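Close look at the chain arrangement
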Amino acid sequence: MSRLIVALDVPQPERAEALIDALYELDPIFKIGLEALFGYGERILAACAARDVRTFLDAKLHDIPRTVAAAMRALVRPNAHIVTVHAQGGHEMMRAAVEAAQARAAELGTTAPLVFAVTLLTSIAPEDLNELGLRGGTGENVTRLAALARDAGCAGVVCSAHEARDLKHFFGEDFLALTPGIRPRGEAHGDQKRVTTPADAVAAGADYLVVGRPITEAPDPLAAARAILDEMRGVAV
Ligand code: C5P
């Protein structure tokens, strides 16, 4: 099973569906973010179910535990492989999300999605932390929130490939790292500041790689995705 996640960050459902049709033979996971979920959620979820592709529902849930549990129940479905929550929602909220995922999956007779936690958004600069009342630097906060996520039963965290190595060191191989900010060598970085090549991300311990524009904006998305998978496999053990 491929560990490549393709981010379907496109405004129109037709484009998202065309990308799924172009890429599904490679068995990637398709990331459905807030734009798609709010813009054309039911349509894209139905399209993914019809094509039997795995999905990553990047819902970034963050609310009181009861509300998050209820939202998680609504998101669980047979092809939902990964769902995200915000670690800053706290231990009880994350625990409620994990338990709701497991309970709902059992009711549906399907596998529970892996719950991944977002630690600090990468848009948060070190100087913003103080304003938010968070003590310490970025690394310290990411590590603290990752520990909280692990203790609450999350499968892993969303982090940069640069942080994946530390994460594995602190929390062990079984705590999973899902990393965006991937760019094949020689490609435009877009608005991503800290980027890693697919091979380097896998070597750093990333378990899942999220790639958006290098695939979705390529003239031939299938060829671009194939090249990234080849690069990932070249270093995978
Ligand atoms: O197009 P690109 O490869 O930059 O897309 C990366 C995807 O990963 C986007 O959907 C973006 O929202 C997401 N992401 C990110 N950085 C984070 C968390 C999520 O780029 N820290």
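Read on for an overview of the structure.

The rules behind each value
- Residues numbered from 1 in each chain as written.
- Predicted model: local features only at pLDDT ≥ 70, side-chain atom pairs only at ≥ 80, totals over all residues.
- Heavy atoms only, no water.
- Helix = DSSP H or I, 4+ residues; strand = E, 2+ residues; numbered from the N terminus.
- Expected span 1.5 Å × (residues − 1).
- Buried < 20%, exposed > 50% of the residue type's maximum accessible area, 1.4 Å probe, protein only.
- 1 Å grid on protein atoms, 1.4 Å probe; cavity = no way out; pocket = protein on both sides within 12 Å on 5 of 7 lines; lining within 4 Å.
- Points joined across faces, edges and corners; volume = space filled by probe spheres on them.
- Nonpolar A, V, L, I, M, F, W, Y, C, P; charged D, E, K, R; others polar.
- Phe/Tyr/Trp six-rings, centres within 6.5 Å; stacked < 30°, edge-to-face > 60°.
- Lys NZ or Arg CZ within 6 Å of the ring centre and 35° of its normal.
- Axes fitted to C-alpha atoms, helices over the stretch in contact; angles between N-to-C directions.
- Parallel < 35°, antiparallel > 145°, perpendicular 65-115°, else oblique.
- Left-handed = near helix turned anticlockwise from the far one by under 90°.
- Contact = heavy atoms within 4.5 Å.

1. Considerations on helix α6 (residues 138-151)
Its 14 residues give α6 an end-to-end C-alpha distance of 20 Å, which sits within 8% of 20 Å, the value for a rise of 1.5 Å per residue. Looking one or two residues past α6, glycine 153 carries a phi angle of roughly 100 degrees, positive in sign.

2. Focus: the environment of valine 158
Its place among the elements puts valine 158 in strand β6 (residues 156-158). Judged by its relative accessible area of 18%, valine 158 is buried. Residues valine 158 and threonine 138, spaced 20 residues apart in sequence, show a C-alpha to C-alpha distance of 14 Å.

3. Structural notes on the layout of surface pockets
It is a probe the size of a water molecule, rolled over the atoms, that shows where empty space is left. Put simply, the largest pocket is a space of about 1,200 Å³. Together, 37 residues line the largest pocket, and Thr122, Ser123, Pro180, Gly181 and Gln192 are the ones closest to its centre. Elements that contribute at least two residues to the lining of the largest pocket include exactly α2 (34-50), β3 (54-61), α6, β8 (208-211) and α9 (213-216). Here the lining of the largest pocket is built from residues that sort into 17 nonpolar, 9 polar and 11 charged. In this model, the second largest pocket occupies a volume close to 200 Å³.

4. Overview of the packing of aromatic side chains
A full pass over the atoms with the stated rule returns 3 aromatic pairs. On the numbers, 6.0 Å between centres and 85 degrees between planes, the contact of phenylalanine 116 with tyrosine 208 is edge-to-face. Highlighted residues: phenylalanine 116 in strand β5 (residues 114-118) and tyrosine 208 in strand β8, separated in sequence by 92 residues. A residue is classified by how much of its surface remains accessible, and tyrosine 208, at 10% relative accessible area, is buried. Three or more aromatic residues joined by ring pairs make a cluster, and in this case those are Phe170, Phe171 and Phe175. Cation over ring: lysine 31 sits above phenylalanine 56, and NZ or CZ is 5.8 Å from the ring centre.

5. Some points on the packing of helix α1 (residues 13-23) against α2
Packing of α1 against α2 leaves a shortest axis separation of 10 Å and a crossing angle of 15 degrees. By the angle class used here, α1 and α2 are roughly parallel. Note on packing geometry: the crossing formed by α1 with α2 is right-handed. In this structure, α1 uses Pro13, Glu14, Ala16, Glu17 and Ile20 to contact α2, whose residues at the interface are Tyr40, Arg43, Ile44, Ala47 and Cys48. Class assignment for the residues of the contact of α1 with α2 results in 7 nonpolar, no polar and 3 charged.

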